[in-house]
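The residues making up each chain are set out below.
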Amino acid sequence: MKELIADADAAGKRLDQWLASQLTPDLSRNRIQSLISAGHVQVDNRTVSEPKHKLREGSTIVLHIPEAEPAEPQPEDIPLDLLYEDNDIIVVNKPAGLVVHPGNGNWTGTLVNALIHHCGDSLSGIGGVKRPGIVHRLDKDTSGVLVVAKHDKAHQNLSAQFADHGRNGMLERAYMALVWGMPERPAGTIDAHLGRSHRDRTKQAVVREDREDARYAITHFTIEERFGENSDATALASLVECRLETGRTHQIRVHMAHIGHPLIGDSEYGGAYKTKANRLTDELKTTVQNFHRQALHARLLAFEHPMTGEFMEFTADMPEDMQILLEAFRHGGLKAD
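What you see is a predicted model; the values in this text were computed from it and never measured.

Enquirer: Can you walk me through the nonpolar core in this structure?
Expert: Side chains of nonpolar character tend, in soluble globular proteins, to be buried together. In this structure, Leu111, Leu146, Tyr175, Ile252, Met256 and Leu263 are the most contacted members of the largest nonpolar core, which totals 31 residues. Elements supplying a minimum of two residues to this core: strand E6 (89–94), helix H3 (111–119), strand E8 (143–149), strand E9 (172–180), strand E13 (218–227), strand E14 (237–244), helix H5 (251–258) and strand E15 (296–304). The element that contributes the greatest number of residues to this core is H3, accounting for 5 residues. Non-local contacts of Tyr175, meaning those with residues more than four positions away in its chain, are made with Leu138, Val240, Glu241, Cys242, Leu244, Ile252, Leu296, His297, Ala298 and Arg299. Core analysis: the second largest hydrophobic core is formed by 20 residues, Met176, Leu239, Leu325 and Leu326 among them.

Shown next, in the form of structure tokens:
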């Protein structure tokens, strides 16, 4: 804990600016801003969470500096749905809501924390650190099959398979997505480069091929089921299988939104369709509004075992929340005009 008294020079200055002038080089301004935003700073016995708060002469500022968190993920006893495990790899059916890897805002409670606890001494380490080797990821709110390496050799081999995208090997990835509307063709390919969105840098967007950050991305889709078909060859929604030829961040979500059929429940890329639920029958509307994630499930993953070369294929049934959503669309539709 640090306690400071605002002098005459502090009057009218921003809290973060003045604290930085007093505490550099021990604390950077960015670190100070983070501490303020996290509620670790008090001014005259009142918690202030706004870095640009203006100071007055004579104010007492108390800064609580929490202990540093361990640099490496810690083991946590989190239940896992295991599909396969040996000395080299582990295959899990990841539930929706579970973050794969620790990061900003999610330092605990992740799949990596769970795997460190589960695997124990069977992890020989990745890059000299005893942790699981993540070779591909699923979004927090996407469920389904995911493979993880237990040691460097397995990690390097699987990484090469995923980088090759199955062009010269056995890798296959198939997802089930419930989307608004119905694509024009029963099957097709979306070939559109992805990059950072100019409007929101946390999102991906379809971008020009010549843009510096553009990365080619290809998704093959097949319509599996249609809901609420109309005489004009349209439908209320469709269950679509998507097979990845590349594995970009949010690829399926962005590609399906790009062709006008965003995933149901996708608040990031399908927000414009939120009001569509108002036209549904009451029961279906309630089910859709209570579905708080994108309707996406990694159904199938096939690859070559990194050590034996054996072809391995794993599937995971659609989770209960998506099954309930599908049944609601099978029996519901639009309100009568």
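Structure's up, so let's keep going.
Enquirer: In this structure, what is going on with the side chain of Thr142? I would like to understand it.
Expert: Along the chain, the position of Thr142 falls in the loop between strand E7 (133–134) and E8. In this structure Thr142 comes out as buried when scored by relative accessible area, which is 2%. Looking at Thr142, its side chain comes within polar contact range of the side chain of Gln294, at 3.1 Å. Aside from chain neighbours lying at most four places away, what touches Thr142 is Lys94, Pro95, Ala96, Arg293, Gln294, Leu296 and Ala298.

Enquirer: Would you take a moment to explain the side chain of Arg253 for this structure?
Expert: Take Arg253: it is sitting in helix H5. A polar contact of 3.3 Å, which involves the side chain of Arg253, links it to the side chain of Glu268.

Enquirer: Would you explain the pattern of salt bridges in this entry?
Expert: Two side chains with opposite charge may pair up if their charged atoms get near one another. Applying the stated rule across the entire model yields 16 salt bridges. Close ionic contact of Arg330 with Glu225 constitutes a salt bridge, the shortest N to O distance being 2.8 Å. Of the two residues, Arg330 is situated in helix H7 (residues 320–331) and Glu225 in strand E13; the sequence distance between them amounts to 105 residues. The partner of Arg293 in a salt bridge is Asp321, and the shortest N-O contact between them spans 2.8 Å. Taken together, the residues span a long stretch of sequence, with Arg293 in the loop between helix H6 (282–289) and E15 and Asp321 in helix H7 at a distance of 28 residues. Residue Arg293 is classed as buried on the basis of its relative accessible area, which comes to 5%.

Enquirer: Quick question: what am I supposed to make of the packing of H6 against H7 here?
Expert: Packed helices, taken two at a time, are described by the angle between their axes plus the distance between the axes. Across the interface, H6 lies against H7 with an axial gap of 9 Å and an inter-helix angle of 155 degrees. If you check the angle between H6 and H7, you find them roughly antiparallel. Considering how the two elements wind past one another, H6 and H7 form a crossing that is left-handed. Facing Leu284, Thr287 and Val288 of H6, the residues of H7 in contact are Ile324, Leu325, Ala328 and Phe329.

Enquirer: Can you help me understand the sheet that holds strand E1 (residues 2–5) in this one?
Expert: What links the strands of a sheet is backbone hydrogen bonding, and the strands pair in either a parallel or an antiparallel sense. Taken together, 4 strands build an open sheet; the order of strands is E1-E4-E2-E3 and the sheet is antiparallel. If you trace the sheet from one side to the other, it starts and ends with E1 and strand E3 (46–47), each paired once. Bridging between strand E2 (residues 41–43) and E3 involves 2 bridges; their strand directions are antiparallel. Note on E3: the bridge partner recorded for Gln42 is Thr47. Packed onto the sheet, helix H1 (residues 15–23) meets E1, E2 and strand E4 (60–63) and runs at close to 110 degrees relative to E1.

Enquirer: What exactly am I supposed to notice about helix H2 (residues 29–37) here?
Expert: For an α-helix, 3.6 residues make a turn, and residues three or four places apart therefore share a direction. Taken as a whole, H2 has its buried residues at Ile32, Leu35 and Ile36. Buried residues of H2 fall within an arc of 100 degrees about the axis and therefore sit on the same side. Considering only its buried residues, H2 is in contact with H1, E2 and E4. Once H2 ends, the next one or two residues include Gly39, with phi positive near 85 degrees.

Enquirer: I keep staring at the pairing of strand E16 (residues 311–315) and nothing clicks. Help me out?
Expert: Across a regular strand the side chains alternate sides, sitting on one face of the sheet and then on the other. In E16, alternate side chains face the same way, and those of Met312 and Phe314 are buried while those of Phe311, Glu313 and Thr315 on the opposite face are not. Note: E15 against E16, 5 bridges, orientation antiparallel. Bridging from a neighbouring strand, Ala302 pairs with Glu313 of E16.

Enquirer: I keep staring at the layout of surface pockets and nothing clicks. Help me out?
Expert: It is the rolling of a water-molecule-sized probe over the atoms that shows where space remains empty. Taken as a whole, the largest pocket spans an internal volume of roughly 1,300 Å³. If you trace the largest pocket, you find 39 residues lining it, with Arg137, Leu138, Asp139, Thr249 and His250 closest to the centre. Of all the elements in the fold, those that place two or more residues in the lining of the largest pocket are helix H4 (152–164), E9, strand E11 (194–196) and H5. Residue composition of the lining of the largest pocket, by class: 13 nonpolar, 15 polar and 11 charged. Taken as a whole, the second largest pocket encloses approximately 290 Å³ of empty space. As for the second largest pocket, its lining consists of 13 residues, of which Gly265, Lys274, Val288, Gln289 and Phe291 are closest to the centre.

Enquirer: What am I meant to see in empty space enclosed by the protein here?
Expert: Taken as a whole, this structure holds 1 cavity of 30 Å³ or more when the rule is applied. Taken together, Pro79, Leu80, Asp81, Val92, Asn93, Lys94, Pro95, Leu98 and Leu111 make up the full set of residues lining the largest cavity. Among the elements that take part in the lining of the largest cavity, E6 stands out by supplying 3 residues, more than any other. For the lining of the largest cavity, the class distribution of residues is 6 nonpolar, 1 polar and 2 charged.

The rules behind each value
- Residues numbered from 1 in each chain as written.
- Predicted model: local features only at pLDDT ≥ 70, side-chain atom pairs only at ≥ 80, totals over all residues.
- Heavy atoms only, no water.
- Core = buried A, V, L, I, M, F, W, Y, C linked by side-chain atoms within 4.5 Å.
- Buried < 20%, exposed > 50% of the residue type's maximum accessible area, 1.4 Å probe, protein only.
- Helix = DSSP H or I, 4+ residues; strand = E, 2+ residues; numbered from the N terminus.
- Contact = heavy atoms within 4.5 Å.
- Polar contact = N/O pair within 3.5 Å; in protein donor to acceptor, adjacent residues only side chain to side chain.
- Salt bridge = Lys/Arg side-chain N within 4 Å of Asp/Glu carboxyl O.
- Axes fitted to C-alpha atoms, helices over the stretch in contact; angles between N-to-C directions.
- Parallel < 35°, antiparallel > 145°, perpendicular 65-115°, else oblique.
- Left-handed = near helix turned anticlockwise from the far one by under 90°.
- Pairing = 2+ DSSP bridges.
- Arc of directions from axis to C-beta.
- 1 Å grid on protein atoms, 1.4 Å probe; cavity = no way out; pocket = protein on both sides within 12 Å on 5 of 7 lines; lining within 4 Å.
- Points joined across faces, edges and corners; volume = space filled by probe spheres on them.
- Nonpolar A, V, L, I, M, F, W, Y, C, P; charged D, E, K, R; others polar.

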